[in-house]
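Next come the chains, spelled out residue by residue.
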Amino acid sequence: INRTLVKKGAIIDYYQDTIQLPDGSVKTYDFIDHKGAAAVVPVLPDGRIIMVRQERNAIDGESLEIPAGGKNPGEEFDVAAARELEEETGYRCDKISHLFDLYTTVAFSNEKIGIYLAEDLIPSKQNLDEDEYLSVEIYSLDELQNMITEGHIRDAKTIAALMYYKAIK
């Protein structure tokens, strides 16, 4: 029925939506509008995967993740994935292919992350954002799966991407 902007942010906008339910009742829901993001599973020729470790304010701690970041306005998901790969890891790729799309929290957000596979990696130059501090780490897929099952990797996009990659590999 209605969408009201509560707060405009740098990455997200927060709205309150007034919705009429199938039974005719009216409820108010929180809605987060997100510009979209892209993430990439970067696979080296020997099969190992490049990961990034960084502090995450939202969880008050470190997180080991696949490289990822927000899309720029008008940017395609694959271009954003390749850009984030090079910016965060210092590798670019000659081959990037779409794996799947992921909606992170469908109950209150439209955040969509395009997940890609990067192969034929070429060492390049890391180009971090001024407020970005991360370390690059390399693991085998088996090591990463163990880290997931042991609770050391908790990031949903990373878990989904790595398990998807393992299933199709």
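Given the structure is predicted, the values throughout are model-derived calculations rather than measurements. (Residues numbered from 1 in each chain as written. Predicted model: local features only at pLDDT ≥ 70, side-chain atom pairs only at ≥ 80, totals over all residues. Heavy atoms only, no water.)

Quick notes on the layout of surface pockets
To keep things clear, this is the line we draw: Lining residues are those with an atom within 4 Å of a point, where the points come from a 1 Å grid over the protein atoms alone and group into cavities, where a 1.4 Å probe fits but cannot get out, or pockets, open sets with protein on both sides within 12 Å along at least five of seven lines. Grid points are joined across faces, edges and corners, and a volume is the space filled by probe spheres set on the points. Working definition: helices are DSSP H or I runs of at least four residues, strands are E runs of at least two. Numbering for both runs from the N terminus. Classes in brief: Ala, Val, Leu, Ile, Met, Phe, Trp, Tyr, Cys and Pro nonpolar; Asp, Glu, Lys and Arg charged; the others, Gly included, polar.
Approximately 1,400 Å³ is the volume found for the largest pocket. As for the largest pocket, its lining consists of 40 residues, of which Ile11, His34, Arg56, Glu111 and Lys157 are closest to the centre. For the lining of the largest pocket, the elements supplying multiple residues, two or more each, are β3 (26-34), β5 (49-56), β6 (61-65), β7 (68-70), α1 (77-89) and α3 (156-168). Class assignment of the residues belonging to the lining of the largest pocket gives a composition of 14 nonpolar, eleven polar and 15 charged.

Notes on the pattern of salt bridges
Here is the rule we go by: Whenever a carboxyl oxygen of Asp or Glu lies within 4 Å of a side-chain nitrogen of Lys or Arg, that contact is scored as a salt bridge. Each residue's exposure class comes from its accessible area (1.4 Å probe, protein chains only) as a fraction of the maximum for that residue type: buried when under 20%, exposed when over 50%, partly exposed otherwise.
Evaluation of the coordinates by the stated rule reveals 14 salt bridges. In this structure, Glu137 engages Arg53 in a salt bridge whose closest nitrogen and oxygen atoms are separated by 2.7 Å. Of the two residues, Glu137 sits in strand β10 (residues 134-139) while Arg53 sits in strand β5, which places them 84 residues apart along the sequence. Note on Glu137: relative accessible area 17%, which makes it buried. Since its relative accessible area comes to 23%, Arg53 is described here as partly exposed. Residue Glu65 is joined to Lys157 by a salt bridge in which the shortest nitrogen-to-oxygen separation is 3.0 Å. Here the residue Glu65 occupies a position in strand β6, and Lys157 occupies one in helix α3, the gap between them amounting to 92 residues. Beyond isolated ion pairs, a larger network of salt bridges with shared partners links Arg56, Glu65, Asp155 and Lys157.

Structural notes on the nonpolar core
The condition is simple: In this text, buried Ala, Val, Leu, Ile, Met, Phe, Trp, Tyr and Cys residues form a nonpolar core when linked through side-chain atoms within 4.5 Å. Contacts were defined at the residue level, with two residues in contact if any of their heavy atoms lie within 4.5 Å.
In this structure, Val41, Ile49, Met51, Leu144 and Leu162 are the most contacted members of the largest nonpolar core, which totals 24 residues. Broken down by secondary-structure element, the contributors of at least two residues to this core are β4 (37-42), β5, β8 (91-103), β9 (112-123), α2 (141-149) and α3. The element contributing the most residues to this core is α2, with four residues. Residue contacts for Leu162: discarding those within four places in its chain leaves Val41, Ile49, Met51, Ile66, Leu141, Leu144 and Ile148. Membership of the second largest hydrophobic core comes to 13 residues, among which are Ala38, Ala81, Tyr91 and Cys93.

Overview of the pairing of β6
Strand residues, when the strand is regular, have side chains that alternate between the two faces of the sheet. What counts, and what does not: Strand pairing is defined by DSSP finding a minimum of two bridges between the two strands.
With four of its five residues buried, β6 lies for the most part within the structure. Bridge count between β5 and β6: five bridges; the pairing is antiparallel. For Val52, the partnering residue across the bridge sits in β6 and is Glu65.

Keep in mind these numbers describe shape, not what the thing actually does.
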